[in-house]
Amino acid sequence: MKEAAAELGHLLVFAFLFCVGAFMVAPVITDVTMAALCPGQDQCSLAIYLTGLQQAITGLGALVVTPVIGNLSDRYGRKALLALPATLSIVPLAIMAFNQTRPYFYAFYIAKTLTAMVSEGAMMCLSLAYVADKVPEGRRAAAFGVFSGVCTAGFVGGTIAARFLSVSSTFQVATLASVAAAVYLRAFVQETDRGASLLREEEASRLLFPPSSSPEEASPRLPPLRKAPSLLEMATLLTSSSTFTRAAVVTFFHGLGETGLQTALLYFLKAQFHYTKNQYANLLLIIGITGSFSQLTVMPLLAPKLGEQKLLVVALTGSCVHGFLYSIAWSFWVPYLAASCVILSILVGPCIRSIVSKKVGPSEQ
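Since the structure is predicted, the reported quantities are computational estimates derived from the model, not experimental observations.

Chemist: Would you take a moment to explain the overall build of the protein for this structure?
Modeler: Along the protein, the regular secondary structure elements total 17 helices and zero strands. Burial analysis of the protein (365 residues in total) assigns 47% to the buried set. The long-range fraction of contacts in the protein, counting pairs at least 24 apart against all pairs at least 6 apart in sequence, stands at 82%.

Chemist: I tried to follow helix α9 (residues 167-188) on my own but got confused; where do I start?
Modeler: Look at α9: 31 Å from first C-alpha to last across 22 residues, which is about the 32 Å you get at 1.5 Å a residue. Those residues of α9 lying buried are Thr170, Phe171, Ala174, Thr175, Ala177, Ser178, Ala181, Ala182, Tyr184 and Leu185. Next to the buried residues of α9 lie α2 (9-23), α3 (26-37), α5 (78-88), α6 (90-98) and α8 (140-164).

Chemist: I keep staring at the UniProt feature "transmembrane region" (unreviewed entry) in the protein and nothing clicks. Help me out?
Modeler: Following the UniProt record, the feature "transmembrane region" (unreviewed entry) maps to residues 46-69, 81-98, 104-131, 143-165, 247-268, 280-299 and 336-356 here. Helix makes up 94% of residues 81-98 and strand 0%, with an end-to-end C-alpha separation of 28 Å. Secondary structure content for residues 336-356 is 81% helix and 0% strand, and the end C-alpha separation is 33 Å.

Chemist: Would you mind going over the packing of α2 against α5 with me for this structure?
Modeler: Packed helices, taken two at a time, are described by the angle between their axes plus the distance between the axes. At a minimum axis distance of 11 Å, the contact between α2 and α5 shows a crossing angle of 20 degrees. Our classification of the angle between α2 and α5 gives roughly parallel. Both α2 and α5 take part in a crossing whose hand is left-handed. Residues Leu11, Phe14 and Phe18 of α2 pack against Leu82, Pro85 and Ala86 of α5. Here the contact of α2 with α5 is composed, by residue class, of six nonpolar, no polar and no charged.

Chemist: What's the story with the environment of Ala132 in this structure? I'm lost.
Modeler: Structurally, Ala132 is set in helix α7 (residues 102-134). Separated by eleven residues in sequence, Ala132 and Ala143 have C-alpha atoms that sit 8.5 Å apart.

Chemist: Could you clarify how one ought to interpret the environment of Arg186 in this entry?
Modeler: Its place among the elements puts Arg186 in helix α9. In sequence terms Arg186 and Ala80 are 106 residues apart; their C-alpha atoms lie 8.9 Å from each other.

Chemist: Please clarify how α2 should be interpreted in this entry.
Modeler: Think of an α-helix as 3.6 residues a turn; residues three or four steps apart then line up on the same face. With 15 residues, α2 ought to run about 21 Å at 1.5 Å a step, and its terminal C-alpha atoms sit 21 Å apart, in line with that. Of all the positions in α2, only Leu11, Leu12, Phe14, Ala15, Phe18, Cys19, Val20 and Gly21 are classed as buried.

Chemist: Sorry if this is basic, but what is going on with the nonpolar core here?
Modeler: The tendency in soluble globular proteins is for nonpolar side chains to be buried side by side. In this structure, Leu11, Phe14, Leu82, Met123, Val131 and Phe147 are the most contacted members of the largest nonpolar core, which totals 31 residues. Breaking this core down by element, the ones donating at least two residues are α2, α5, α7, α8 and α9. With near-sequence residues (within four places) excluded, Met123 lies in contact with Phe14, Ala15, Phe18, Leu82, Pro85, Val118 and Phe147. Counting residues in each nonpolar core, the second largest holds 23 residues, with Val20, Met24, Met34 and Leu50 among its members.

Chemist: What is the right way to read unusual backbone geometry from this model?
Modeler: The phi angle of most residues is negative, glycine excepted, and most peptide bonds adopt the trans form. At His274, a residue that is not glycine, the phi angle is positive and equals roughly 55 degrees. Tracing the backbone through its elements, the reader meets His274 in the loop between α12 (242-273) and α13 (277-306). Taking relative accessible area as the criterion, His274 reaches 49% and is therefore assigned partly exposed.

Chemist: Before we go on, may I ask you to explain the pattern of salt bridges in this structure?
Modeler: A side chain of one charge can pair with a side chain of the opposite charge if their charged atoms are brought near each other. What the rule picks out here adds up to three salt bridges. Among the ionic pairs, Lys270 bridges to Asp31, the shortest N-O distance being 3.0 Å. Of this pair, Lys270 sits in helix α12 while Asp31 is found in helix α3, placing the two residues 239 residues apart along the sequence. Of the two residues, Lys270 and Asp31, both sit in the buried class. Asp133 is paired through a salt bridge with Arg78; the nearest N and O atoms lie 2.7 Å apart. On the criterion of sequence distance, the pair formed by Asp133 in helix α7 and Arg78 in helix α5 is long-range, its members being 55 residues apart. Overall, the relative accessible area of 0% leaves Arg78 in the buried class. Each of Asp74, Arg78 and Asp133 takes part in one network of salt bridges that share partners.

Chemist: Before we go on, may I ask you to explain the state of the cysteines in this structure?
Modeler: Joining two cysteines, a disulfide is a covalent bond between their sulfur atoms. Under the criterion given, the structure shown has one disulfide. Residue Cys38 pairs covalently with Cys44 via a disulfide, S to S 2.0 Å. An S-S torsion of about 50 degrees defines the bridge between Cys38 and Cys44 as right-handed. Residue Cys38 is classed as buried on the basis of its relative accessible area of 11%.

Chemist: Would you take a moment to explain the confidence of the model for the protein for this structure?
Modeler: Should pLDDT be low for a region, the predicted coordinates there are not to be read in detail. This prediction gives the protein a mean pLDDT of 81; 84% of its residues lie at or above 70. Model confidence for the protein, summarised as mean pLDDT per element, is weakest for helix α10 (residues 196-208) at 50 and strongest for α6 at 94. Low pLDDT, under 50, characterises residues 203-209; the predicted model gives this stretch two contacts beyond four residues in sequence or across chains. Counting contacts from residues 211-222, a segment whose pLDDT is below 50, to residues more than four positions away or on other chains yields 18 contacts.

Chemist: Looking at this structure, I do not really get the packing of aromatic side chains. What am I missing?
Modeler: Any aromatic ring pair is given by two values, namely how distant the centres are and how the planes are angled relative to each other. With the rule as written, the count across this model stands at 14 aromatic pairs. Geometrically, the ring pair formed by Phe252 and Phe253 is edge-to-face, given 5.2 Å between the ring centres and 80 degrees between the ring planes. Judged by relative accessible area, Phe252 falls into the exposed class, the value being 52%. For Phe253, a relative accessible area of 54% corresponds to the exposed category. Ring geometry for Phe268 and Phe273: centres 6.1 Å apart, planes at 80 degrees, overall edge-to-face. In this structure Phe268 comes out as partly exposed when scored by relative accessible area, which is 32%. What makes Phe273 buried here is its relative accessible area of 15%. The ring centre of Phe164 lies 5.9 Å from the NZ or CZ of Arg163, which sits over that ring.

Parameters and conventions
Here the residue index of a chain counts from 1 through its sequence in written order. At least 70 in pLDDT is required for a residue's local features to be given in this predicted model, at least 80 for side-chain atom pairs to be given and counted, and no such filter applies to totals for whole chains, interfaces and linings, which use all residues. The side-chain quantities take in all heavy atoms of the structure and omit both hydrogens and water. In this text, helices come from DSSP runs of H or I with a minimum length of four residues, and strands from runs of E with a minimum of two, each type numbered from the N-terminal end. Working definition: with a 1.4 Å probe on protein chains only, accessible area under 20% of the residue-type maximum means buried, over 50% means exposed, and in between means partly exposed. Residues are treated as being in contact if the distance between any of their heavy atoms lies within 4.5 Å. Helix span, as expected, comes to 1.5 Å for every residue beyond the first. UniProt positions are given in the numbering used here, feature names are shortened, and annotations may be inferred rather than shown by experiment. Angular values range over 0 to 180 degrees, each being the angle between N-to-C directions of two axes fitted as lines to C-alpha atoms, with helices fitted over their stretch in contact. Geometric relationships in this document are graded by angle, where less than 35 degrees denotes roughly parallel, more than 145 denotes roughly antiparallel, 65 to 115 denotes roughly perpendicular, and other angles denote oblique. Whether a crossing is left-handed or right-handed is set by the direction in which the near helix is turned from the far one by less than a right angle, anticlockwise for left-handed and clockwise for right-handed. For this scheme, ten residues count as nonpolar: Ala, Val, Leu, Ile, Met, Phe, Trp, Tyr, Cys and Pro. Four count as charged, namely Asp, Glu, Lys and Arg, and the remainder, Gly too, count as polar. Remark: nonpolar core denotes a set of buried residues (Ala, Val, Leu, Ile, Met, Phe, Trp, Tyr, Cys) joined through side-chain atoms within 4.5 Å. One speaks of a salt bridge when a side-chain nitrogen belonging to Lys or Arg is within 4 Å of a carboxyl oxygen belonging to Asp or Glu. Put simply, a disulfide is two cysteine sulfurs that come within 2.5 Å. pLDDT: the predictor's confidence for each residue, scored from 0 to 100. Each Phe, Tyr or Trp ring, with Trp reduced to its six-membered ring, pairs with another whose centre is within 6.5 Å; inter-plane angles below 30 degrees give stacked pairs, above 60 give edge-to-face pairs, and intermediate values give tilted ones. Placement of a positive charge over a ring is assigned whenever Lys NZ or Arg CZ falls within 6 Å of the ring centre and within 35 degrees of the normal to the ring plane.

So this is what it looks like as structure tokens:
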């Protein structure tokens, strides 16, 4: 694991800077949205509707765009395609760094909706493919956990900064962090060989130690795509492996619940308990610190012992408890208790990614 961390050091620094910039605005965006759309009010249906619409458009766009970008990275390189989300993420932040009035908010809203189709899904997708190019299957679950933990640490760093900055300064510093991430990617992150070295090692290992005929080892690999995938080919991929199909179903419904919760939660806390920027930051800090600890410590410890599938069941249970506690919150401190459940729920993503990653070859990550 230490060797993998050393090999991926520059990618981890890039991911940390990217997440600092992306998540620094999370504690302030609710107040900015409310001030632009419903000034002087604690409740604003328009803000919730627009946020939900943005999530829906971004999700549908990412469904189409992310597989195309991922496939192109198999041919042209992870670093080359990572530059796209790293650069696009700067645009909406720069708009709000200039001004937070209503016209600029709508410009930010449109820019964020369009750029998020590429930046939010593709950054994580391409980074995990980069990790898979460098790390063998046996250590991949822990490596994904470490990478996710570093991203969560970036979330914590950005949230701490927002806790002590003014609203306008928050967007300015977030813009600088995003620019720094793009520059660092360009200057220091090295291109991978798309798993060629791992493939050679795997072939050599098979020659020395022929694989047994256990069902897990004999599981089929996904068919490779040699051009940008069509919707039909994407549907074929989803049904080409029973494990992949089940992982996709779990991902969809988990994402549906989590996205719905995240869309309305901050506005709910504003209306119900009159949360402010600092209270949002405190809540997000609990989520970030707990999540970072879980992915950097709990995931590497439990994944080898329980296996990804059993750990996924535990994580999904924690996710259910997490959402349920928010739904019955009767006092301002209950959301803080609910946030502690992230220690389990945040492991859903790394578990699913590891399961899916083992179903494709090194050049198809």
